[in-house]
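Here is how the chains run, residue by residue.
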Amino acid sequence: TVAAGSMGGISLWDAASGSKTASLSIGSDRIVLCAAISADGALLAAGAEDGGVHVFEMEAPYQRVAKMEAHAVAVRCVAFSRDGKTVLSGSEDSRAVLWEAASGRQLYTLQGHGSWVLG
């Protein structure tokens, strides 16, 4: 499965066939700029232009398990830790933030970047 952001959501595609398998909504019309799937394939994280980060289960019905009001401006990258328990979001606000994936609890803010944090 591969994921691609769009206005208001994320499309999931079967990489072998090229078929669209699902559409996930973030609950607004803001553009999803980045997405990542955990190594075990269980979760998907998406970052939006409004600064939000959304975490979804990767099995139907694709429930959102966390929504983080992460940044004041656009989230430009998201990534999972190897074990899938932590999500990193990077933003135009020059900050990277580490989150607990399952709950959305903020763990750390990593500051000191000179510009946007990109993946």
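Scroll up to find the structure.
Residues numbered from 1 in each chain as written. Predicted model: local features only at pLDDT ≥ 70, side-chain atom pairs only at ≥ 80, totals over all residues. Heavy atoms only, no water.

## Considering the pattern of salt bridges
Pairing between side chains of opposite charge can happen when the charged atoms of each approach one another.
Thinking step 1. Evaluated as defined, the whole model comprises five salt bridges.
Thinking step 2. Measuring nitrogen to oxygen at the nearest pair gives 2.6 Å for the salt bridge that ties R76 to E92. Here R76, found in strand β8 (residues 75-80), pairs with E92, found in the loop between β9 (86-91) and β10 (96-100); they are 16 residues apart in sequence, far enough to count as distant.
Thinking step 3. The class for R76 is partly exposed, based on a relative accessible area of 32%.
Thinking step 4. By relative accessible area, E92 is classed as partly exposed at 22%. (Salt bridge = Lys/Arg side-chain N within 4 Å of Asp/Glu carboxyl O. Helix = DSSP H or I, 4+ residues; strand = E, 2+ residues; numbered from the N terminus. Buried < 20%, exposed > 50% of the residue type's maximum accessible area, 1.4 Å probe, protein only.)

## Considerations on the pairing of strand β5 (residues 43-48)
For a regular strand, the rule is simple: side chains alternate between the two faces of the sheet.
Thinking step 1. A large share of β5 lies buried, amounting to six of its six residues.
Thinking step 2. Judged by which residues are buried, β5 turns out to be covered on both faces: L43, A45 and G47 on one side and L44, A46 and A48 on the other are all buried.
Thinking step 3. Bridging between strand β4 (residues 32-37) and β5 involves five bridges; their strand directions are antiparallel. Paired with C34 across the strands is G47, a residue of β5.
Thinking step 4. As consecutive antiparallel partners, β4 and β5 are separated by five residues, and within that stretch G41 has a phi angle of approximately 75°, a positive value.
Thinking step 5. Here five bridges tie β5 to strand β6 (residues 52-57), and the two strands are oriented antiparallel to one another. Residue A46 lies in a different strand from β6, and its bridge partner there is H54. (Pairing = 2+ DSSP bridges.)

## Some thoughts on the sheet that holds β9
Thinking step 1. Judged by pairing direction, the sheet is antiparallel, and its four strands sit side by side in the order β8-β9-β10-β11 without closing on themselves. The open sheet has two edge strands, β8 and β11 (106-110), and neither has a second partner. Put simply, the sheet's adjacent strands are angled 20° from each other on average, direction ignored.
Thinking step 2. Both β9 and β10 contribute to a ladder of five bridges, which runs antiparallel. (Axes fitted to C-alpha atoms, helices over the stretch in contact; angles between N-to-C directions.)

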